[in-house]
Amino acid sequence: MKLVIMTKSTFFVEEDKILTALFEEGMDSLHLHKPDSSPLYSERLLSLLPERYHKKIIVHEHYYLKNEYNLSGIHLQQLTDPVPEGVRGRITRSCSDIQLLRETKRKADYVFLEKIFDSIEDPTQKASFNLLQIEEAARKGLIDRHVFAVGGMHLDNIKLAKEYGFGGVVIRGDLWNHFNIHNEIDFKALIAHFQKLKKAVG
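None of these values were measured; they are calculated from a predicted model.

Moving on, we get to the environment of C95. Within the secondary structure layout, C95 lies in strand β5 (residues 90-95). You can call C95 buried: its relative accessible area is 4%. Taking the C-alpha atoms as reference, C95 lies 7.5 Å from Q77; in sequence the two are 18 residues apart. Those residues in contact with C95, other than ones at most four positions away along the chain, are L100, L101, T104, V111, F112, L113 and E114.

Next up, the structure:
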């Protein structure tokens, strides 16, 4: 099972240091997702990360960054979003409707099935499915190694995602909750939690 780390939704001072440390600890897939932010901030963050790690990053907005920084690929939010002209590499997409999952998989290297559980980072984002619906999708073969579980994923429910046959889990709040961006400099607790997540996915 693949472990995908998604950036915190906002930028913060120690971010480049933490991301570099995570790459050094074995992070092999980072989704750069900073909703409604200026591309200049993403450019600055990317320029502070060692170039050897750029090929492990997928960008959610400002798709020109993919070619400019030789990133792994881009993430499109909707099934109907076209691939921007001139973009090569991985194409990943989000899906929040199980009925559209099969079609979405045809147009992506892998798909984020969103809102599996209530969001950790944003409490207003509630789960879209119940476990019976997930079980049914798994039974029909809709959930496979090309579908990653997103939304409220944490150390204790990774095992459940494995049982349903998800190819990966996307972690955001469960990781970033281990570092207070306002009054902490030491991020050892965050790195230690990442190692637990890495072990849990196997």
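Still more to cover.
In this structure, L22, L113, F166, V169, L175 and L190 are the most contacted members of the largest nonpolar core, which totals 54 residues. Excluding residues that lie within four positions of it along the chain, F166 makes contacts with M1, L113, I116, I134, I143, D144, V147, F148, A149 and A161.

The next point concerns the UniProt feature "domain: Thiamine phosphate synthase/TenI" (unreviewed entry) in the protein chain. With numbering matched to this structure, UniProt assigns "domain: Thiamine phosphate synthase/TenI" (unreviewed entry) to residues 45-171. Helix makes up 24% of residues 45-171 and strand 19%. Its end C-alpha atoms lie 20 Å apart.

Attention shifts here to the pattern of salt bridges. Under the defined criterion, the tally for this structure stands at 6 salt bridges. Here E15 makes a salt bridge to K34, at a shortest N to O gap of 2.6 Å. Of the two residues, E15 sits in helix α1 (residues 15-24) while K34 sits in the loop between β2 (30-32) and α2 (39-48), which places them 19 residues apart along the sequence. Where R172 meets E121, a salt bridge forms, and the shortest distance between an N and an O atom there is 3.5 Å. Taken together, the residues R172 in the loop between β8 (168-171) and α7 (173-176) and E121 in the loop between β6 (110-113) and α5 (131-139) connect sequence positions 51 residues apart. The partly exposed category is assigned to E121, whose relative accessible area is 28%. Taken together, the shared-partner salt bridges connect E136, R139 and K140 into one network.

Calculation rules
- Residues numbered from 1 in each chain as written.
- Predicted model: local features only at pLDDT ≥ 70, side-chain atom pairs only at ≥ 80, totals over all residues.
- Heavy atoms only, no water.
- Helix = DSSP H or I, 4+ residues; strand = E, 2+ residues; numbered from the N terminus.
- Buried < 20%, exposed > 50% of the residue type's maximum accessible area, 1.4 Å probe, protein only.
- Contact = heavy atoms within 4.5 Å.
- Core = buried A, V, L, I, M, F, W, Y, C linked by side-chain atoms within 4.5 Å.
- UniProt positions renumbered as here; feature names shortened; annotations may be inferred.
- Salt bridge = Lys/Arg side-chain N within 4 Å of Asp/Glu carboxyl O.

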